[in-house]
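# Fold and contact review
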Amino acid sequence: MNARICSPWEILRHAVLLTVAAIVLLPFIWMIVTSLKPQSEIFLSEIRWWPEQLHVVENYTKAFERAPLVRYLLNGVIVTVLIFALQALIALPAAYALAKLRFWGRDAVFAMVLFCILIPAQAIAVPVFLLFHHAGILDTYAALIVPFTISAFGIFLMRQFFLTVPDDLVDAARMDGISEFGIVWRVMLPTAIPALTAFGVFSIVAHWNDYFWPLIAVNSQELFTPPVGVATFRNEEAGTDYGPLMAAATVIIAPLIIAFLLAQRRFIEGITFSGMK
Amino acid sequence: MADVALAREIDANIAQGARPHVRLRRRRMMSMTAAVLLAPALVLMALLLIGPVLAVLLMSFTDYQLGAPTWSLVGLENYIELYGDRVFWTSLTNTLLYVAIVVPSSIALGLGLALLIESGSTLRAFYRSIFFIPVMATLIAMAISWEYMLHPQFGLINLMLKEIGLPAQAWLSDPVLALPTIAAIGIWQLFGFNMVLFLAGIVSIPSHLYEAAVMDGARSAWSRFWLVTWPMLGPVTVFVAVISAIRSFQVFDTVHVLTKGGPSKATEVLLYSMYSEGFEFFRSGLAAAIAVVFLCFVLLLTIIKARLIEKKVHYS
Amino acid sequence: MAQFQLSGVRKSFDRTHVLKGIDLHIAEGEFISLVGPSGCGKSTLLRIIAGLEDQSEGSVRIGGDVVDGVRPADRNLAMVFQSYALYPHLTVYNNIAVPLRMRRLSTLQRAAVLRWLIPGTRETEDRIRSDVEDVAKLLGLKDLLQRKPAQLSGGQRQRVAVGRAIVREPRAFLLDEPLSNLDAKLRVHMRTEIAQLHRRLGATFIYVTHDQAEAMTMSDRIAVMMDGNIIQIGSPDDVYDDPQDLRVAEFIGSPKINILDGGVIDEARGLVFGSSRFAATFLERPGTSVRIGVRPEALRLANAENAPFSGRLAHKENLGAEVLLHVEIPDQRAAVIVRFDHGGAREISIGDAVGLTCSPEDLRIFGASGERIKAEVEARKVAHG
């Protein structure tokens, strides 16, 4: 093992990879370092990798004082969790029906699902906006959540997974006296946990980071999701006070990054597996 | 066999009328179950996806404006307006240019790093995770960090250029540099995703193919790459290219936060045009027409991708 | 416990007819095997009995009641599936308990929250526990109750599947190729176990398999199915010794029955096959070509000169206790296989001329379309060449 690590090729490999890694991480590092600096050290004409004077408390306190960051994070949690829960609630029974039941029109419904996968959310933002406007639900939590409750991709993904569940298992459940609805939640759901987890990671990351729709759907600051919140903060502070702004940005990305570092494999699998979208 | 005959006789008497009825009821019950299971999904699909797609098509033929008391059909007028609008063409070329920069770069970077990671046995998971972080970090927050790094006077990038004796650049306010700069951020954000797809592709290449290549005389890693790795990664690469193109086509966040389409429309992209027409000037009809153009491009790419997914699913 | 009566059961998917009119009576406590090659409709028939599939025509009666349209769960039958169909997320204990819980507990009592607050839940769960433990003891699963299916070997999973079936004392057991996912050794062992289980429970077993050896070793009766029909039904001995159809003769028995081409000769009303002629009393018209079946163990070695038929030893298959001799006979399509005890075949080597003889009562004559022809063949060889 040691011989391998010390081989010239291996040294070169690590040298290149570490350099790229450093470049990739630079925006994160610089963001965090800046969030620790006093204003006097931010507007400098030289590179200062570590502040001489730590302004952690000042910057972060200011960030939390000037923008309701806790509220933004809370909104992020409420919106992403509810979106995912509703997606699962709606997609799982549909996916089960498409995978395991024989009924008239099944192929047509599946074709419709496939077509819906093709629709990018941004392309239909205008009519959905108008629909919500007329329904009077713009600028509410519902406006943030409802458009994403239906995930055609989720239905497709879970259907593909359910196809791999042996029919025998469904038949055994029927013989045991479990109803069709019971089968979805008591038999299919537990076997689908890995696929559902992957989809959940994808869904939560996508909607935590989504900027386009929340920007359109809500106006009130108390409904802002983290990306809209931090962008608004930036617009208010533009160019004047980078310390608290970087502190706010750090706070906004922290939850996902920490979750990612705790379960890297799950995240990478989830996002790439479902991220085919 | 006597009992069979007897049974048949009895059967003929009782069952003839009753059975088809029962069977029909059961089949209907099955359909009912399916309908109930599918109903929420179908209703929401109709209301939130298919309805709006039709609406966006219809609206693109109207002069609908949010808040205006009336609206009327104007035929192709919105499209004609777009056709004659220099900004729209700038927006379309910028988007295509952005895609043309981001897709090959993020593929090359993703593939190169994936190969480099897999060529050794140490720290593989570590590098994979590092390169994946930009994929999931909230892009808006990172755009703000990039903005500060790109600050003409105090930004890290220019300070570093100064260290090595190069002139400072106005990255985001120079019309020539702005789009490539936005694209660079796009590459930074996307390549890790492509890398993971390539890693999965490399891992799935059976090792006996490499052994066979060695036996066949492919001595260098270089020749083994061209003999085995590259051909085996062909389908993955096509797949990655399409996905990257779809994602790049949807560029919006960085433009909205960093340049607002400027300077002088240098970073105006399709989604940004649609956003400003639809949600800043509330010219819904025109926004719908841009959305239709956007939809056509994305649909084209997605149909290619859906074909590929189907293949992948069937063969796995 | 119950008897089954199937009358005129047909099943078509689109335009393919999977079952073409099945009439079958299964007695109480009987062990019946539905055996046939894949695609013969045996699994569809079982699924129709189970209620998992609707027949297109005909009716199924269990214990005298017509059950058409009755949901599977309400037929009170148990089924063991080929893939075992264990719930992967539940422990062995819970897997076995599911059918009991579904029957004995109300929906409210099964709900995860507050279930213990509902009167009777604890008592019922206690009864379920003792029932599950009884079954576990019976099947030797006591130490595995807290494991998940993924942590079990194939044989153990199979036992759990059986346990889940027997725990609720159903009217009958339906087994759909339950042994085909096991390795050869375990399969032989489980054959014995299932047969013993049947004897102990005394319940009706309907067993679907494509493996004739399983059908032969366990069943009271075998129903041989081909192309959507039952072509013969009877005890294992009947089916083996007295096949009514060439396909049955060929399907049952391993190694396969030898089939020789022959014909009915005009003047002597004899039987000819290969270069040999036998005297035979025939009902067939002269000139009819027939196919003659003879089991490998019915053939004996004889002097090549005046044996009824002779050939050359092409291959010797040593199975330890016995030897299979492959003898190539002129004018015959396939080599004839002779089952021999090990000692008796030691001196013969490959390439030797071998004479074969058999008792005429061991010859089974089939017509050109595979139907059995009754004939009495005499031992005497009429002519040679």
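Residues numbered from 1 in each chain as written. Chains lettered and ligands numbered in written order. Predicted model: local features only at pLDDT ≥ 70, side-chain atom pairs only at ≥ 80, totals over all residues. Heavy atoms only, no water.

## Observations regarding the overall build of chain B
Here is the rule we go by: Runs of E in the DSSP output that reach at least two residues are strands. Runs of H or I that reach at least four are helices, and both are numbered from the N terminus. Only protein chains enter the area calculation, which uses a 1.4 Å probe; residues under 20% of their type maximum are buried, those over 50% are exposed, and those in between are partly exposed. Note on definitions: a residue-residue contact is assigned when non-hydrogen atoms from the two residues lie within 4.5 Å.
Secondary structure assignment for chain B yields 12 helices and zero strands. If you list the helices and strands of chain B from N to C, you get α-α-α-α-α-α-α-α-α-α-α-α. Relative to its full complement of 316 residues, chain B shows a buried share of 51%. In chain B, the proportion of contacts linking residues at least 24 apart, taken out of those at least 6 apart, comes to 66%.

## Describing the interface of chain A and chain B
Interfaces are often described in size by the accessible area the parts lose on coming together. Note the following rule: Summed over both partners, the accessible surface that disappears when two parts come together, traced with a 1.4 Å probe, is what is meant by buried area. Take a side-chain nitrogen of Lys or Arg and a carboxyl oxygen of Asp or Glu: if they are within 4 Å of each other, that pair is a salt bridge. For the purposes of these results, a polar contact is taken to be a pair of N or O atoms within 3.5 Å, where, inside protein, one atom must be able to donate a hydrogen and its partner to accept one; residues adjacent in sequence count only when each atom of the pair is a side-chain atom. Gly is placed with the polar residues, together with every amino acid not listed as nonpolar (Ala, Val, Leu, Ile, Met, Phe, Trp, Tyr, Cys and Pro) or charged (Asp, Glu, Lys and Arg).
If you look at the interface, chain A gives 101 residues, while chain B gives 95 residues. The contact between chain A and chain B buries some 8800 Å² in all, and 79% of this surface belongs to carbon and sulfur atoms. Linking chain A with chain B are one salt bridge. As a salt-bridge pair, R234 of chain A and E147 of chain B come within 2.8 Å of each other at their nearest N and O atoms. Summed over the shared surface of chain A and chain B, the number is 16 residue pairs in polar contact (both at pLDDT 80 or more). The element contributing the most residues to the side of chain A that touches chain B is helix α2 (residues 8–35) of chain A, with 18 residues. Of the residues belonging to the side of chain A that touches chain B, the class tally is 79 nonpolar, 12 polar and 10 charged.

## Looking at the pattern of salt bridges
A full pass over the atoms with the stated rule returns 28 salt bridges over all chains. Here D131 of chain C ties to R104 of chain C by a salt bridge, and the two come within 2.7 Å at their closest N and O atoms. Here D131 of chain C is found in helix α4 (residues 121–139), whereas its partner R104 of chain C is found in helix α2 (residues 92–104), with 27 residues between them in sequence. Note that E322 of chain C and R339 of chain C form a salt bridge whose closest N and O atoms lie 2.8 Å from each other. Taken together, the residues span a long stretch of sequence, with E322 of chain C in strand β17 (residues 322–328) and R339 of chain C in strand β18 (residues 336–341) at a distance of 17 residues. Judged by its relative accessible area of 22%, R339 of chain C is partly exposed. Overlapping salt bridges, with partners in common, bring together R102, D171, R174 and E180 of chain A together with R47 and E53 of chain C in one network.

## Here's the deal with the interface of chain C and chain A
Taken together, the contact between chain C and chain A spans 26 residues of the former and 16 residues of the latter. In this assembly, chain C packs against chain A so that about 1700 Å² is buried in total across both faces, 59% of it on carbon and sulfur atoms. By the criterion of area lost to chain A, the three top residues of chain C are Y87, H89 and M102 of chain C, representing 29% of everything that side buries. Inspection of the region where chain C meets chain A yields three salt bridges. The salt bridge partner of R47 of chain C is D171 of chain A, with a shortest N-O separation of 2.4 Å. At the junction of chain C and chain A, the tally comes to eight residue pairs in polar contact (both at pLDDT 80 or more). Elements supplying a minimum of two residues to the side of chain C that touches chain A: α1 (42–50), β6 (77–80) and α2 of chain C. No other element matches the four residues that α2 of chain C contributes to the side of chain C that touches chain A. Of the residues belonging to the side of chain C that touches chain A, the class tally is 17 nonpolar, three polar and six charged.

## Description of the side chain of H326 of chain C
Residue and element names in this part refer to chain C. As for its position among the elements, H326 is in strand β17. A polar side-chain atom of H326 sits 2.7 Å from a polar atom in the side chain of E317. Other than its neighbours up to four places away in sequence, H326 contacts R312, L313, A314, H315, E317, A335, V336 and I337.

## Observations regarding the domain arrangement of chain B
Residues and elements named next belong to chain B. Selection rule: The split of the chain into domains comes from an automatic or database domain assignment.
Entries for chain B in the domain assignment read domain 1 (2–59) and domain 2 (77–311). Summing both partners gives a buried area of about 400 Å² for domain 1 against domain 2, and 81% of it is carried by carbon and sulfur. In terms of surface lost to domain 2, no three residues of domain 1 exceed V56, L57 and M59, which account for 90% of the buried area on that side. At the boundary of domain 1 and domain 2, one finds zero salt bridges. If you look at where domain 1 meets domain 2, you find zero residue pairs in polar contact (both at pLDDT 80 or more). Grouping the amino acids of the side of domain 1 that touches domain 2 by side-chain chemistry returns four nonpolar, no polar and no charged.

## Re helix α12 (residues 193–209) of chain A
Residues spaced three or four apart along an α-helix point in a common direction, a consequence of the helix completing one turn every 3.6 residues. Residue and element names in this part refer to chain A. Basically, it comes down to this: How far a helix is expected to stretch is found by multiplying one less than its residue total by 1.5 Å.
The terminal C-alpha atoms of α12 lie 24 Å apart, and with 17 residues this matches the ideal 24 Å at 1.5 Å per residue to within 8%. Among the 17 residues of α12, 12 are classified as buried, and the element is accordingly described as predominantly covered. Those residues of α12 not exposed but buried are A195, L196, A198, F199, G200, V201, F202, S203, V205, H207, W208 and N209.

## Focus: the sheet that holds strand β9 (residues 221–226) of chain C
Residues and elements named next belong to chain C. The following threshold applies: Paired strands are those between which DSSP finds at least two bridges. Where helices are involved, their axes are fitted lines through C-alpha atoms of the stretch in contact, as for all axes, and angles between N-to-C directions lie from 0 to 180°.
One open sheet accounts for six strands, arranged β6-β7-β8-β3-β9-β10; its pairing is mixed. The open sheet has two free edges, formed respectively by β6 and β10 (229–234), since each of these has just one partner strand. Averaged over all adjacent pairs, the angle separating strand axes in this sheet is 20°, with direction ignored. As paired strands, strand β7 (residues 172–176) and strand β8 (residues 204–209) are joined by five bridges and run parallel to one another. When the sheet's bridge partners are listed, L175 is paired in β8 with Y207. Together, β3 (31–35), β7 and β8 form the strand contacts of helix α6 (residues 184–201), whose direction differs from that of β8 by roughly 160°.

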